[in-house]
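Coordinate analysis (summary)
Given next are the chains, with one letter for each unit.
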Amino acid sequence: MARSFTDARQMLDDLLDRFEGGASNPIAYPDYAGFGSVPDTDRFLKEVARMQAAGAVKTQRGHGAMRDQIAHVRLVSPEVLYRLLGRVPAPLAAQDAGARLVEGLVLEPGLVEAATGIASTWARAKAWAGFGIGDVEKVRGALTLAQAILDGRHVDVDYRTFSRRVTGDSKALERVEGAVVRLLAGLRDLPPGAKPREALRTLGLERFAPPLLISGRIDLQDADLSRAGLAYLGISPKQAGLIRFREPPAYLLTIENFASFNRHILEADPDRQGTTMYVGGYPSLGTQQALRTLAGAVSPDTPIFHWSDIDPDGTWIFHTIEQAIGRPLRPHLMSIEIAEANGKMPATKGAPARCPATSGIFALSEYLSKDHAKVLEQEELDPCLPVAEDDHL
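Residues numbered from 1 in each chain as written. Predicted model: local features only at pLDDT ≥ 70, side-chain atom pairs only at ≥ 80, totals over all residues. Heavy atoms only, no water.

A word on the overall build of the protein chain. The helix and strand tally for the protein chain stands at 14 helices and twelve strands. A compact globule built from 393 residues should have a C-alpha radius of gyration of about 21 Å, whereas the protein chain, at 29 Å, is more than 25% larger. Its C-alpha atoms give the protein chain principal-axis dimensions of roughly 90 × 50 × 40 Å. When the 393 residues of the protein chain are sorted by exposure, 47% land in the buried category. Put simply, of all contacts in the protein chain between residues at least 6 apart along the chain, 68% involve residues at least 24 apart. (Helix = DSSP H or I, 4+ residues; strand = E, 2+ residues; numbered from the N terminus. Rg over C-alpha atoms; globule rule 2.2 N^0.38 Å. Buried < 20%, exposed > 50% of the residue type's maximum accessible area, 1.4 Å probe, protein only. Contact = heavy atoms within 4.5 Å.)

Okay, the packing of aromatic side chains next. Taken as a whole and judged by the stated rule, the model has six aromatic pairs. Look at F258 and F261: their rings are 6.4 Å apart centre to centre, the planes differ by 20°, and that puts the pair in the stacked class. Of the two residues, F258 and F261 are both situated in helix α10 (residues 258-268); the distance of three residues between them amounts to about one turn of the helix. Classification of F258 by relative accessible area gives partly exposed; the value is 36%. The class for F261 is buried, based on a relative accessible area of 0%. By the ring-pair criterion, three or more aromatic residues cluster together here, those being Y232, F258, F261 and Y278. (Phe/Tyr/Trp six-rings, centres within 6.5 Å; stacked < 30°, edge-to-face > 60°.)

A word on the nonpolar core. By size, the foremost hydrophobic cluster in this structure holds 83 residues, and its most contacted members are W122, F162, V180, L184 and L200. In terms of residues, this core owes the most to one element, helix α6 (residues 136-150), which gives nine residues. Once residues lying within four places of it in the same chain are set aside, the contact partners of V180 are A142, L145, A146, I149, L173 and L200. Counting residues in hydrophobic clusters, the runner-up holds 20 residues, among them F35, A56, V57 and V80. (Core = buried A, V, L, I, M, F, W, Y, C linked by side-chain atoms within 4.5 Å.)

See below:
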């Protein structure tokens, strides 16, 4: 869209910006009402006249009473205007920036390809992930951090320590985490609806792993907790191997939402027939490993369930846990019937998990990919004990 200006240089730069963005002969307008004084207007018009005399731009006069005023200024020779302004064309500047992006870095082919795409975006005078051509060092840092994650250097390291070890700056990752996730999205299966920090959690990168909250008839290694009367126990995910089942649980259930977790253990299963765990949204890598340990500690006949929101994010969380435990996972209070009866149309459409037909969440993912699909937050439902067959109303 053409804009009005009181500064000639800003107007001329804007013409080149839009030319680099794809406009063939962009135009701009003098902002006569915005000039602060007659000398300001004169300086503006003299600069425009100089550019027109050199063949860089062409002016169009007004009509009637405005015939003596310039109505608009049109770019006719970008090459001349680049020279007169001493400005490097974006394609050339992007070529140099692209070379500096990867200079001296050892990157996987996918990241090299991404860097080429970033330079191509800059060549069109566009920003990439909020970073412009002047942000080469920041994007270079994002590439370095992304490669370090692909190399596994983030495993068992907290967020800031990882950032400091890789870049020498403990807060560098926080400043470019969105760009890092965007770089990794094409190389790792990341949930598209997750915030950058949530997505990085699924790869094992977080400030510190949140505790695993677990409720049931359990003990901790040799400690007898049967008389403690605990609603639930909080442990580090790495300590999942210390959990002992006092008796075989009727089920294992993981729950995304903290309120639903509390309601389930207090209202639906106060006798602790099953073992219930709070995963806190997208489960971290540590939590995934803990769930794998606990799933392997119960009988193969013990049914395992997950309860999330009925929405695309919920299917991604479900499928992440499903892959982590390596056993069949069943949806609890997550069905098409429940969505149709209680849900509502979403304000924005998200992408559900990509999963095989053998996945326990496949049918719901297929449903949520359709235009008419409804979504439902799990807090809208009262808790109940899971059953081995599909959930129904």
